[in-house]
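Each chain, written out:
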Amino acid sequence: MEPTLKFFSGFAPNDLWFMGEAALRTLWISVLSISLGTVLGTLFGWMLYEGRRAATLTLAPVLDVFRSVPLIIQLVLFYNFAPIVGLNLDPFASGTVILTVYTAALVANVARGGIEAVGAPMRRAARSLGLSYWQDLRHVVLPIGGRAVFPSWVGVALGVMKDSALVSVLGYVELLKASQILITRTQEPFLILALAGAFYFALSYPVSRYATHLENRWAQ
Amino acid sequence: MISIRDLHKYFGALHVLKGIDLDVQKGEVLSVIGASGSGKSTLLYCINGLEKIQDGAVTVDGTDVHAKGTDINKLRQKLGMVFQQWNSFPHLTALENVALAPRIVKGKSKAEAREIAAKQLQHVGLGEKLDVYPSALSGGQQQRLAIARALAMEPEYMLFDEATSALDPELVGEVLDTMRLLADEGMTMICVTHEMGFARDVSDRVAFFHQGVMEEIGPPAQIFGDARSEHTRKFLANVR
Ligand SMILES: Nc1ncnc2c1ncn2[C@@H]1O[C@H](COP(=O)(O)OP(=O)(O)OP(=O)(O)O)[C@@H](O)[C@H]1O
Ligand SMILES: [Mg+2]
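Residues numbered from 1 in each chain as written. Chains lettered and ligands numbered in written order. Predicted model: local features only at pLDDT ≥ 70, side-chain atom pairs only at ≥ 80, totals over all residues. Heavy atoms only, no water.

## Quick word on the overall build of chain A
And step 1. Across its full length, chain A carries 9 helices and 0 strands.
And step 2. Moving toward the C terminus, one meets the helices and strands of chain A in the order α-α-α-α-α-α-α-α-α.
And step 3. On C-alpha atoms alone, chain A measures out to a radius of gyration of 21 Å, which is more than a quarter above the 17 Å that the 2.2 N^0.38 rule sets for 220 residues.
And step 4. In terms of overall dimensions, chain A has a C-alpha envelope of 80 × 50 × 20 Å along the principal axes.
And step 5. Here chain A holds 220 residues, and the buried ones make up 40% of them. (Helix = DSSP H or I, 4+ residues; strand = E, 2+ residues; numbered from the N terminus. Rg over C-alpha atoms; globule rule 2.2 N^0.38 Å. Buried < 20%, exposed > 50% of the residue type's maximum accessible area, 1.4 Å probe, protein only.)

In structure tokens, the structure reads:
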């Protein structure tokens, strides 16, 4: 009888609340990093596409580094070494910075692909109507290229949302960290991990459903 | 008037246009014919500044297209262009396709731009298709959409680059009819074309290009009946 009692007393309804709050923190750091990273990544993608020598020689290798070094290593290195250059960032800010740069590195390739998808003939047609370079980018390349690579972008965004779990190593209490805390206290890893998984699913599923809805609307 | 003086165009080491001299008067319809790779498309691109030139000059109503101080976006409003590939904007309806440039380039209000667009779509026979997306239009309809889109900027000149070459044979007629209509309305047109019937019937003059040189230019009757250049005769013998 005793272990069963312990099981029920270990996980209280309050803990669900605790996890819900943590899920909101996961959502918050993800939304922030994905938004900032997308803006930055689009800018990088445009620079790569325009292919000025400086961009290909400096930017591309840097982005490669951020894409290929495991996120957990980036997080730990940045969190521990940033103070040396005078940046005293808390776990949330450090996590946001790294997740943003990581997102930007992934989005840069997506964005460049989007610009390439529009193609020179379409852009010549737009320019022949009198659109300026920037008007062409804003009104032709962005909507057409954006739609072309939207599924890849959604993939990146959902990936980053899951990867935000790694910020737990810095001590930021998002969903995974909260789960670890509860597991330690309740000794009920399976229940709690299943709950955490359900929370992650609840965060991503609406996004992918809405994305599919948009793609279908654009397809017609 | 479009004036081209000793125009030279290179792609790297490739000399694509080798000293073109050509005047196109207001109201004239000029057809440009010649083999693939002879520089016909490049000529059109040099006229509206989509390609830079290496020597010579192109002026449109006295404005030097390639001069540093020229507002090329403004100048292009005078020069409508229709391409082989129709390049409809896939995310916009027919009406929005046509209304886009008047709205953002000319700063027309949304309502004004839509009115202009509806009028031009009517003009090219797409009055029933205002709210249709390009994916639901045939190639011929999309090409007419492209013509309406160019006309909506109220250009004084129209440049056609093989507007019918990418179309299924049964759709060529409707686009040529639209081009004829414009010619009848007095539009100044330069038409790069492989449609010898159109060149013969509609143009005031026909220019034959051969390896970057304008070998010959003259009234259709002379070019088709009594070409001076050996190359022209050979080319015409092959296309017919
Ligand atoms: N962007 C470019 N870069 C390099 N070479 C080019 C480019 N555009 C065209 N050329 C070359 O310039 C030459 C002339 O090309 P252009 O497209 O003007 O020929 P065209 O007469 O229009 O032929 P077609 O009937 O096939 O359309 C060709 O040899 C072509 O390969
Ligand atoms: Mg061509």
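## A look at the packing of aromatic side chains
And step 1. Under the counting rule described, the total for this entry stands at 9 aromatic pairs over all chains.
And step 2. Look at F150(A) and W218(A): their rings are 5.2 Å apart centre to centre, the planes differ by 75°, and that puts the pair in the edge-to-face class. One end of the pair, F150(A), is in helix α7 (residues 133-163); the other, W218(A), is in helix α9 (residues 189-219), and 68 residues separate them in sequence.
And step 3. Residue classification places F150(A) among the buried positions, given a relative accessible area of 14%.
And step 4. Ring centres 5.3 Å apart and planes at 45° place the aromatic pair F208(B) and F235(B) in the tilted group. Here F208(B) is found in strand β9 (residues 205-210), whereas its partner F235(B) is found in helix α9 (residues 230-239), with 27 residues between them in sequence.
And step 5. Take F208(B): its relative accessible area is 1%, and that puts it in the buried class.
And step 6. Since its relative accessible area comes to 12%, F235(B) is described here as buried.
And step 7. A cation sits over an aromatic face here: R149(B) above F89(B), 4.2 Å from the ring centre.
And step 8. Looking at R200(B), its charged tip hangs above the ring of F224(B), at a distance of 4.9 Å from the centre. (Phe/Tyr/Trp six-rings, centres within 6.5 Å; stacked < 30°, edge-to-face > 60°. Lys NZ or Arg CZ within 6 Å of the ring centre and 35° of its normal.)

## Thoughts on the pattern of salt bridges
Residue and element names in this part refer to chain B.
And step 1. The tally for this structure, following the rule as stated, stands at 13 salt bridges over all chains.
And step 2. Notably, a salt bridge pairs K9 with E51, separated by 3.3 Å at the nearest N-O pair. One end of the pair, K9, is in strand β1 (residues 2-11); the other, E51, is in the loop between α1 (40-47) and β4 (55-60), and 42 residues separate them in sequence. Like E51, K9 is buried.
And step 3. D61 serves as the salt-bridge partner of K78, at 2.7 Å between the closest nitrogen and oxygen. Note that K78 is positioned in the loop between α2 (72-76) and β6 (79-82) and D61 in the loop between β4 and β5 (63-64), a separation of 17 residues in sequence.
And step 4. Taking the relative accessible area as the measure of exposure, D61 reaches 30% and is therefore partly exposed. (Salt bridge = Lys/Arg side-chain N within 4 Å of Asp/Glu carboxyl O.)

## Brief notes about the environment of L236(B)
Residue and element names in this part refer to chain B.
And step 1. Structurally, L236 can be placed in helix α9.
And step 2. Sequence-wise, L236 and I223 are 13 residues apart; in three dimensions their C-alpha atoms are separated by 9.1 Å.
And step 3. Those residues in contact with L236 that lie beyond four places of it in its chain are I33, M196, I223 and F224. (Contact = heavy atoms within 4.5 Å.)

## Some points on unusual backbone geometry
All names here are of chain B.
And step 1. One non-glycine residue with positive phi stands out, namely D61, at about 50°.
And step 2. In this structure, N87 takes a positive phi of about 55° despite not being glycine.
And step 3. With respect to the element layout, N87 can be found in the loop between β6 and α3 (94-104).

## Some remarks on the pairing of β1(B)
Looking along a regular strand, one sees side chains alternate from face to face of the sheet.
Residues and elements named next belong to chain B.
And step 1. In terms of strand pairing, β1 meets strand β2 (residues 14-24) through 8 bridges, oriented antiparallel. Counted as the bridge partner of I2 is V24 from β2.
And step 2. The turn joining β1 and β2, which pair antiparallel and follow one another in sequence, is formed by 2 residues; a positive phi near 60° is taken by G12.
And step 3. Pairing geometry for β1 and β4, over 5 bridges, is antiparallel. Bridge pairing in β4 places I4 opposite V58. (Pairing = 2+ DSSP bridges.)

## Topic: the site of ligand 1
All names here are of chain B.
And step 1. The environment of ligand 1 is formed by 13 residues, the closest being S36, G37, K40, S41 and T42.
And step 2. A distance of 2.5 Å separates an oxygen atom of ligand 1 from a polar side-chain atom of T42.
And step 3. Take E162: an N or O atom from its side chain is 3.0 Å from an oxygen atom of ligand 1.
And step 4. When the free accessible area of ligand 1 is taken as 630 Å², the share hidden by the protein chains comes to 60%. (Near = heavy atom within 4 Å. Polar contact = N/O pair within 3.5 Å; in protein donor to acceptor, adjacent residues only side chain to side chain. Areas by Shrake-Rupley, 256 points an atom, 1.4 Å probe, with all protein chains shown as cover.)

## Here we look at the sheet that holds strand β7 (residues 157-161) of chain B
Residues and elements named next belong to chain B.
And step 1. Reading across from one edge, β6-β7-β8-β3-β9-β10 is the order of the 6 strands in this open sheet, with mixed pairing throughout. Taken across any chain shown, the strands that pair with only one partner, and hence form the sheet edges, are β6 and β10 (213-218). Taken over all neighbouring pairs, the strand axes of this sheet differ in orientation by 15° on average, direction set aside.
And step 2. Pairing of strand β3 (residues 29-34) with strand β8 (residues 188-192), which is carried by 4 bridges, proceeds in the parallel orientation. Bridge pairing links S31 to C191 in β8. (Axes fitted to C-alpha atoms, helices over the stretch in contact; angles between N-to-C directions.)

## Topic: α3(B)
And step 1. Taken across its 11 residues, α3(B) has 9 buried, putting it largely inside the fold.
And step 2. Along α3(B), the positions that sit buried rather than exposed are A94(B), L95(B), N97(B), V98(B), A99(B), L100(B), A101(B), P102(B) and I104(B).
And step 3. In this structure, the buried residues of α3(B) make contact with α7 of chain A together with α4 (110-123) and α5 (139-151) of chain B.

## Examining the interface of chain A and chain B
And step 1. Contact with chain A, which involves 18 residues of that partner, is made by 23 residues of chain B.
And step 2. Both sides of the chain A and chain B interface together cover about 1800 Å² of buried area, and 66% of this is carbon and sulfur.
And step 3. It is R124(A), S128(A) and L129(A) in chain A that bury the most area against chain B; as a group they hold 34% of the surface buried on that side.
And step 4. At the surface where chain A touches chain B, the tally comes to 4 residue pairs in polar contact (both at pLDDT 80 or more). (Buried area = accessible area lost by both parts, 1.4 Å probe.)

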